[in-house]
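For reference, the chains in residue letters:
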Amino acid sequence: MRQGLSALLIALSPCLMATSTLAEGTPSSVMAIDDALFSKHSELQDAKKATQSDQTAVDNQQQELDRLNQLTVKLDAKLKTAKANLERDYLKMIDEPDLDIMPSQQAYQDAWSEVKQNQKSRLEAEQKLQELQTALAQKKSAQGIIEQNIASLEQNKLRARVERLREELKRTGEQKVSFTNTCSADMTLAQCSSQTNELGLQKAVKQFQNWLVDETSESAIVKQNLSDVSLNIHVLKHSVAESGFSDGSKFRTVISAQLDARPAENAPCKLLNLESQYCFAPGEGNQAGEKQKEVAWVSLSVRSNQYADRVIVDGVQYGSTPVEVLMPVGKHHIIIEKEGYRSFNSEIEVTADQTLRAVLNEYENVLKPGHKFADSLKGNAKAPEMITMIKGEYLLGEKASRQIRLDHAFALSATPITVGQFETFVNQTSYQTDAELKNICITIDNSEVTPVADSYWRNPGFKQSAQSPAVCISKNDAVAYTRWLSQQTGFKYRLPSEDEWEIAARSGSQSGYWWGDNFGSGKANTGWGGTQWSNKSTSPVRAFEPNRLGFYDMVGNVWEWTNDERGMAKGGSWIFSPEMAKADKQLFIGPSTAANYVGFRILREIQ
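Here the residue numbering is sequential within each chain, running from 1 through the sequence in written order. Restriction of local features to residues with pLDDT of at least 70 applies here, the model being predicted, together with a cutoff of 80 or more for giving and counting side-chain atom pairs; totals for whole chains, interfaces and linings are based on all residues. The basis for every side-chain value is the complete set of non-hydrogen atoms in the structure, without hydrogens or water.

## Side note on the overall build of the chain
To qualify as a helix, a DSSP run of H or I must reach at least 4 residues; to qualify as a strand, a run of E must reach at least 2; elements of each kind are numbered from the N terminus. For the chain, the helix and strand inventory stands at nine helices and 24 strands. For 607 residues, the compact-globule formula gives about 25 Å, and the C-alpha radius of gyration of the chain, at 42 Å, lies well above that figure. A principal-axis box enclosing the C-alpha atoms of the chain has dimensions of 150 × 65 × 30 Å. Relative accessible area decides the class of each residue, using a 1.4 Å probe on protein chains only: under 20% of the type maximum gives buried, over 50% gives exposed, and in between gives partly exposed. The 607 residues of the chain split such that 46% are buried. Accessibility throughout is a Shrake-Rupley quantity obtained with a 1.4 Å probe, and a residue counts as covered only by protein chains that appear here. In the form shown here, the chain has an accessible surface area of approximately 31200 Å², with 48% of it arising from carbon and sulfur atoms. The quantity called the radius of gyration is restricted to C-alpha atoms. Its globule counterpart is 2.2 Å times the number of residues to the power 0.38.

## Things to note about the packing of helix H6 (residues 419-429) against helix H8 (residues 475-489)
For the pair H6 and H8, interaxial distance at closest approach is 11 Å and the crossing angle is 75°. Classified by the interaxial angle, the pair formed by H6 and H8 is roughly perpendicular. Between H6 and H8, the residues in contact are Gln421, Phe422, Thr424, Phe425, Gln428 and Thr429 and Asp477, Ala480, Tyr481, Trp484 and Gln488, respectively. Under the convention adopted here, Pro, Cys and the residues Ala, Val, Leu, Ile, Met, Phe, Trp and Tyr are nonpolar, Asp, Glu, Lys and Arg are charged, and Gly plus all remaining residues are polar. In terms of residue class, the contact of H6 with H8 is built from five nonpolar, five polar and one charged. Every angle, taken between N-to-C directions, lies between 0 and 180 degrees, and every axis is a line fitted to C-alpha atoms, over only the stretch in contact when it is a helix. An angle below 35 degrees is read as roughly parallel, one above 145 as roughly antiparallel, one from 65 to 115 as roughly perpendicular, and any other as oblique. Should any heavy atoms of two residues lie within 4.5 Å, those residues are counted as being in contact.

## Describing the sheet that holds strand S9 (residues 330-337)
Following DSSP output, two strands are said to pair if at least two bridges run between them. Taken together, four strands build an open sheet; the order of strands is S7-S6-S9-S10 and the sheet is antiparallel. The sheet terminates laterally at strand S7 (316-317) and strand S10 (344-350), the two strands that pair on one side only.

## Quick notes on the nonpolar core
Nonpolar side chains in soluble globular proteins tend to end up buried together. Take the buried residues of types Ala, Val, Leu, Ile, Met, Phe, Trp, Tyr and Cys, join any two whose side-chain atoms come within 4.5 Å, and each joined set is a nonpolar core. Counting residues in hydrophobic clusters, the biggest one holds 37 residues, and the most contacted among them are Phe422, Tyr481, Leu485, Tyr597, Phe600 and Ile602. Those elements that place two or more of their residues in this core are H6, H8, strand S20 (559-561) and strand S23 (598-600). With five residues, H8 is the single largest residue contributor to this core. Excluding anything up to four places from it in sequence, Phe600 contacts Pro416, Ile417, Phe422, Ile473, Ala478, Tyr481, Leu495, Trp559, Glu560 and Trp561. Membership of the second largest hydrophobic core comes to 26 residues, among which are Leu201, Val229, Ile233 and Leu271.

## Remarks on the sheet that holds S23
Within the open sheet, the four strands sit side by side as S22-S21-S20-S23. Their pairing is mixed. Every interior strand has two partners, whereas the edge strands, strand S22 (587-588) and S23, have only one. In terms of strand pairing, strand S21 (residues 568-570) meets S22 through two bridges, oriented antiparallel. Bridge pairing in S22 places Ala569 opposite Leu587.

## Considering the side chain of Ser474
Following the sequence through the fold, Ser474 ends up in the loop between strand S18 (448-453) and H8. Polar contacts, as counted here, are pairs of nitrogen or oxygen atoms within 3.5 Å of one another; within protein the pair requires one atom able to donate a hydrogen and one able to accept it, and residues that are adjacent in sequence qualify only if both atoms are side-chain atoms. At a separation of 2.7 Å, a polar atom in the side chain of Ser474 contacts the side chain of Asp434. Here Ser474 is in contact with Asp434, Trp561, Pro591, Ser592, Thr593 and Ala594, once residues within four sequence places are set aside.

## Overview of helix H9 (residues 498-506)
Since there are 3.6 residues in each turn of an α-helix, residues three or four apart along the chain are aligned in direction. Here H9 lies mainly inside the structure; eight of its nine residues are buried. Of all the positions in H9, only Glu498, Glu500, Trp501, Glu502, Ile503, Ala504, Ala505 and Arg506 are classed as buried. Looking one or two residues beyond H9, the residue adopting positive phi is Ser507, at roughly 50°.

## Examining the environment of Glu174
For Glu174, the position within the fold is in strand S2 (residues 172-182). Classification of Glu174 as exposed rests on a relative accessible area of 59%. Along the backbone, Glu174 and Asp35 are 139 residues apart, and their C-alpha atoms lie at a distance of 35 Å. Discounting chain neighbours no more than four positions away, the residues touching Glu174 are Ser256, Ala257 and Gln258.

## Notes on the UniProt feature "domain: Sulfatase-modifying factor enzyme-like" (unreviewed entry) in the chain
The feature "domain: Sulfatase-modifying factor enzyme-like" (unreviewed entry), as given by UniProt, occupies residues 383-604 in the numbering adopted here. In residues 383-604, the share of helix is 18% and the share of strand is 20%. The end C-alpha atoms are 11 Å apart. UniProt positions are given in the numbering used here, feature names are shortened, and annotations may be inferred rather than shown by experiment.

## Digging into the packing of aromatic side chains
The rule is short: rings of Phe, Tyr and Trp, with Trp giving its six-membered ring, pair when the centres are within 6.5 Å, and they are stacked under 30 degrees, edge-to-face over 60, tilted in between. Evaluation of the coordinates by the stated rule reveals 19 aromatic pairs. Where Phe422 meets Trp457, the ring centres are 5.3 Å apart and the plane angle is 75°; that geometry is what we call edge-to-face. One end of the pair, Phe422, is in helix H6; the other, Trp457, is in the loop between S18 and H8, with 35 residues separating them in the sequence. Note on accessibility: Phe422 and Trp457 belong to one class, buried. Each ring, one from Phe425 and one from Tyr431, has its centre 5.2 Å from the other, and the planes form 40°; the classification is tilted. On the basis of relative accessibility, which here comes to 22%, the residue Tyr431 falls in the partly exposed class. For a ring to carry a charge above it, either NZ of a lysine or CZ of an arginine must fall within 6 Å of the ring centroid while also lying within 35 degrees of the normal to the ring plane. In this structure, Arg604 packs its charged tip against the face of Phe491, placed 3.7 Å from the ring centre.

## Things to note about the pattern of salt bridges
By definition, a salt bridge exists where a carboxyl oxygen of Asp or Glu is found within 4 Å of a side-chain nitrogen of Lys or Arg. For the structure on display, the rule yields 32 salt bridges. Measuring nitrogen to oxygen at the nearest pair gives 3.9 Å for the salt bridge that ties Arg405 to Glu393. Here Arg405 is found in strand S15 (residues 402-406), whereas its partner Glu393 is found in strand S14 (residues 392-396), with 12 residues between them in sequence. A relative accessible area of 44% places Arg405 in the partly exposed class. Across the pair Arg566 and Asp564 runs a salt bridge whose closest N-O atoms are separated by 2.8 Å. Here the salt bridges do not stand alone but share partners, grouping Glu498, Glu502, Arg506 and Lys570 into one network.

Now the structure itself:
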C-alpha cells in the first residue's frame, strides 16, 4: 500500500530560527553591515518569491485534492446505484432466465473501475500535496532565517554605530585660540591675566567640542542630542603663547591647548538617540581588581517544536520550553534536547530581547511497520511478541473499497494468545473464565451451535499444546488478560478495533487474503482448508507462513475478539469456510459467550 509521507519526515533540517544566530565572521563595521544588509534584503526578496510560488502550488494541489474528494462522493453513489441495479437484475433472472444482465454488469464494473482510479488519484494527490507542503515549509524556514539574520544585523548595526561614535569621541586634539577680555578696573594684573586665560580655555574647550562633533560620522544626529549629554572634555595641557593689554583696558591672550573627551559609557547611545543597552559591554565577568562595567540584561524567550524537552543555558537547567531566561548581553551556550531527538546545541550572541525557536528532529530510527519487540513481565518473563503498525492511509473493507486515515501507531501481537500465555495469567491471578463459571463452552456440530458441558480453555473438546491458541475465551476474559498485562508491564494493552485488526491482517494487501484473492489449499487452518487440522481442531500458532509484516494466523485457526461493544470477532477459524476468513468478514457473538473456535489477539498502544 502506498503510504503518505510521515509527519516526522516533514521536519525541517536541524536548524535554529533565532534573532542572533549568524555565522561566525559577522561584519562589525557599519559599512560592512550595511553591505551585508543590502545582500540579505536581496536574498529576502528572492526567498519571498520562492515561498509565494510554493504557496501557490500548495493551494492549487489542495484544490485538486478537494475536487477529487468531491468526485469520491459522486462515484461512491454511482457505484452504489450500479450495485443495486446489478442485484436487482440477478433477482429478476430467477423469473426471467433469459434476461441479459451484461449492461448492468458492465455498468457495475465501470463504476468500480472509476472508484479504484479515483482512490489511486487521491492517494497520489495527497502524497504530492504533502511533498509540496514539505517544500513550502522549507522555503518558509529559509525565509524566516533570512528575516532573523536581517534583524540580527540591524541589532549589530546599532551597536556598531555606537562603537564607531565612541571611537570618534576618543580623539585628542590641539586648539589654538585668541581671547580678549575686558577686565574690571579693580582687578590686579595677575587677576586679569588668570581670568582671561580661564575664559580662553573655555573657548578652546567649546571649539574642541564643535570640532569633535563635526568630525563624527553622524554629526547631524549628534548635534540634535548634544544638549542632553556631557562629553566631559579634559584639558591635558596648555601654554600661553602671548598675553598682555591691548587698546587700554582690554587684555588679550593666545593659548595653545591639548584636549580630549571622556564621555560617560552610555553617552554615545544618548547622542544617537538609542537605548542604553547598546552602550554596555557584554557580561563576561571581571577579573579581580578590574573596574566593573555596566552590563545590559535582556530576556531570551526559548521555544521549540516539541513538548517535555529540556533547556540548558550556560550549564544551568531551566526546565522545558516555553521558558523565559534573563541574561546579560553577550555570548551564551544554549542546549535544547529531548530523548529520541537530535539536540540543538549552539553558542549564540544575545544583544536584545529576543525569541529563539529550535526545531528538534527525531532520530532516523523512527517507528517503522513490522518492528518486533516484547515487553518485560515481572519475574524476568516476557510478554507476547508484538509487531508495530504506523499511522497513515489504509484501504479496508470489501474489495478494499473503504479508505481510512489511521491517526496513531500501535503494536499487535504476532500470534493469537496461546494456551501457555493464558495459563501464566491464570496461575498468577487465579482467574476463572466465563466458561468455567457457567460450566459451558459452545462448538459447531453438524452446522449447529452446540453447548458442551465441562468444556473450557484447558479442555475445549480437542487436544491442544502450550503453543495452540487459547479458546473457550469470552470477550470478558480477553479484556481481563489485557488489564493484567497492562499492570505487569506499565504499558496500555487492550483488544484491537476492527480497523486496527484488519490493517494488521492485510499488512498492505488489498485482496481478500493477504496472499491474494484465491484461497488455495493448505495455506491456513479453516474448515475445508485442506490441512490436517481443518474441521478438527486448532493448529499451533506458527504452523503456517506469516503475512508480509510477520503476523501469524490472521487467516483462520480462531476467530479473534475486537473491542466492538456488540461482540465482534475477525479472521475465521478451523471450523468455518475459507470465505469467512477473508480480511473484511465479521462474526458477532455475545461478549460473555465462550466458544472453542474463538480466541483473541492483543494490542499495545504506542505514544
